[in-house]
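# Descriptive structure summary
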Amino acid sequence: MICFSMRTLPVSFLLLLSVWSVCVWADSGRIRQKRAWIIDSFTIEEEYPGPFPYKIGKVELDRSYLVNYILHGDGVDKDPKNILSIEKSGYVLVHRRLDYESGSKILRLTFEARNQSNNEVDTKLALEIKILDINDNAPKFKKSVYEVTVDESHDQGKEVLTVLASDQDDSSTNNGTFVFTIKSVTPKTDNVEFYIQQQKESGTIYFKGCLDYEKAQTYKILVEAKDKGEKICLSSTSTLIINVSDNNNNLPEFSGKTGPGKVKERETGVEVLRLQVTDKDVRGSKAWKAKYTIHGDKNEIFEIETDPVTNEGILTVVKQMDYEEQTNHNLSISVQNEIPYFSCKIKEKVPNAMWALDKIPQSSDMSAANLNNNIPVTIYVEDVNDPPVFIPPVKHVVVMENIDVGTSLTTFTAKDMDGSHVNTFKFVTGEDIDKWITIDATTGKVSTIKILDRESPFVINGTYTATLYAVDEGVPPLSGTGTLVIHLNDQNDNVPILDMNNVSICIDKEPTMVNITAVDLDSPPYGSPFYYELLGDVKDKWRVEPAHGTTVNLVKEKRVYSGHHLLQIKISDQQGLYSIQNLTVTVCDCSITPTCHVRMVSQARMGPVATFLVVLAILILTVMCLMSLLMSCKEEKKMIMMDDGLGHLITTNTENPGTDCMVMHKGQQAISQAPSSVYSEQTFKRSTYRNSTRRTFRDNLQQSSVRSSFRSNSSYNTKPSYLDETLAIVIKQKLFALQAHDEELDIYKPHCYANEEQPTTNDQLDAISIPEDDFHPEMLKNLDNRFSQLATISRPDLMRR
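Attention here is on the structure that accompanies the text. These numbers come from a predicted model, not from an experiment.

## Some details on the state of the cysteines
Simply put, disulfide is the name for a covalent bond between the sulfur atoms of two cysteines. Within this structure, the stated rule accounts for 1 disulfide. Note that Cys-210 is cross-linked by a disulfide to Cys-344, the S-S spacing being 1.8 Å. The disulfide joining Cys-210 to Cys-344 has a torsion of about -65° about its S-S bond and is therefore left-handed. With Cys-210 in the loop between strand S15 (202–209) and strand S16 (218–227) and Cys-344 in strand S25 (residues 343–348), the pair connects residues that are 134 residues apart, well separated along the chain.

## Some words on the sheet that holds strand S43 (residues 551–556)
Here 4 strands make up an open sheet; going across it, the order is S37-S39-S43-S41 and the pairing antiparallel. Looking at the sheet topology across the chains shown, the edges are occupied by strand S37 (497–498) and strand S41 (542–545). Note that strand S39 (residues 512–519) and S43 share 6 bridges and pair antiparallel. Across the sheet, the residue bridging to Thr-512 is Lys-556, located in S43.

## Some details on the environment of Lys-142
Residue placement: Lys-142 occurs in the loop between strand S10 (140–141) and strand S11 (145–151). The spacing of Lys-142 and Ser-238 is 96 residues in sequence and 8.9 Å in space, taken between C-alpha atoms. When near neighbours in sequence (up to four residues on either side) are disregarded, Lys-142 contacts Leu-164 and Ala-165.

## With respect to the packing of aromatic side chains
Applying the stated rule across the entire model yields 10 aromatic pairs. With centroids separated by 6.3 Å and ring planes inclined at 50°, the aromatic side chains of Phe-254 and Tyr-292 adopt a geometry described as tilted. A residue pair is termed long-range when its members are at least 10 positions apart, and Phe-254 in strand S18 (residues 253–258) and Tyr-292 in strand S21 (residues 290–295) qualify at 38 residues. Arranged with centres 4.0 Å apart and planes meeting at 20°, the rings of Trp-436 and Tyr-464 form a pair that is stacked. You can see Trp-436 sitting in the loop between strand S32 (425–429) and strand S33 (437–439) and its partner Tyr-464 sitting in strand S35 (residues 463–472), a full 28 residues away along the chain. Judged by its relative accessible area of 0%, Trp-436 falls in the buried class.

About the criteria used
Residues numbered from 1 in each chain as written. Predicted model: local features only at pLDDT ≥ 70, side-chain atom pairs only at ≥ 80, totals over all residues. Heavy atoms only, no water. Disulfide = S-S within 2.5 Å. Helix = DSSP H or I, 4+ residues; strand = E, 2+ residues; numbered from the N terminus. Pairing = 2+ DSSP bridges. Contact = heavy atoms within 4.5 Å. Phe/Tyr/Trp six-rings, centres within 6.5 Å; stacked < 30°, edge-to-face > 60°. Buried < 20%, exposed > 50% of the residue type's maximum accessible area, 1.4 Å probe, protein only.

In structure tokens:
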């Protein structure tokens, strides 16, 4: 028999299973019996305060021999270790307190009884010891403070907040079971009642009634979680902070208006009224900000805006008003907030149920206008001086260009639109950019004061536009504007002219060509295409093909030599109106000068070097005049010695062909009036120096040697006045050459073809070009034999005639 006894706790032993083991010994034939016991449960209360150790029971075996008791398992040699032990007498001892929440809830052990004589296991028991829970843990909230923000339009019965709690005690007992309770609500208001619903370990907060930001912006709710302990009840609390956000549950109300309430006609951008409102919602919030609407303004003359600081409505005129049409405007202005309005009022507080409410939801279509939140407004229009009005404001007239000055075009009329008083007015011209017209101040009759030209740069697409004013005598004086559009019919009053008066063409063994184009300011049929005709002796030299068109080809025959050629072209339009145009053609060898550009005299401009040479030539002329005066006072004439460094004349009667490509066309008549020897020496000297060093400082100073040469020639009885005249002619020739070929000399640098009195084998020299109109063979009769020989070399074709 086994017996357990406990000192402090009742011990019950239940025999669950008895197993008899039979061992058969083959050698002796005897059967040995062993007894094993399994104990269902054995309990220890947690957190027992002691003293320790204490006995929880005794094991007694009915044996005639001595046994040793041994324990194995949880609480002995397994965690938690060293909690239990057993004495030789069979008592089970507890050495320290146990915690139900921190360890195993059941200790499983093995009990053995061994025979002291042979140490064999006599009895073996399976033992379970249950740890009994006590209420030593209070329920704990997951958070000590919960906070949430709820709009005041939140519906009753709708979840506000959920709290969570837990208890470490045994949940199968009352120690681990708890309930939520709202202990307090601060502040207490009559418009709302909070309650909590529990689902096991969570509790959800709800409310009945209507939240009202104006009554309470924040609620603090103390929630308690309390267990159901049998001996003691433990609890804890958590604080719930519910912030109420303002919504538009208060309508703005008109409180007044300020401003003149009137406006002058034709004024815009003028503030006429300010409307004041009050709103109990939070200042600056969308529930407080006002939004105004104008009613009865069909023409959208007015505009209203909200002052962001004062919340006032600012009524402004944005379109001009006419006193003669309407003297006042009756409007209605409503106001609402930027977010929709809602309303919640308690009708009845129903116990244990949702309260009866009178509510306008925020999602409804009800606006402030439906709630009669508007104000009537009357705006008065003040009469002011109105400008005259042209009737009609724009007039079109069609006339032929070149009509006589003083021709009447049209007559304008205007009307004063003032209703309260009428002013007189007068007509004046406004914008008339080319000064074509005038208007009678009283009658408004418009006449021309200038020949009307359709080709004027101020005529666009055949029309000329001018503005006119009618100015009244009001205070201040005002003016109306009329517009006159003149449509001009074209006349054939312009002749076709060349677009370019100089062209370049390459010399070749075969005919070559270049494009020429004419323009005519007149419009069709008075303009292009044109008819081209070459004048003068151009047979087998030049031709135009085709002869009809806007741009045609000028064809050079192979007989034309290089140089400058002046052609006359008759260009006629389709009506036969024509002009004769001069065309300068430069013919040159493009293989030597690819660009073949030649500037005309009209395009030439004097460069800094030429300017210096002109000034220097004037100074030399002045010095020469002074010297001639001094020399005329002396009886003996002395030769002025030349400086060899500046060059000297070489005595010769013949120049080899090709020493100079330049022939001066102008000034020949003045030179031909001098003696033939003077003319030949002058021409020879100029040709020599233009060939060697053109437009140099030395070339200008060389003029002094001319005068010395003439004074040393005994065959002429020259006087200082004659010398001065000759020098003047030479200087004029030099100035003309500088002006005519200033830019040309910059492009074609001078170079030496051959020395004087030496034969040359260069057959690539440019031929001297002399316009046919400027040179006649009869001129040779007035030349001496030396220049005749030079002319024979230069123009053999003329000398054979």
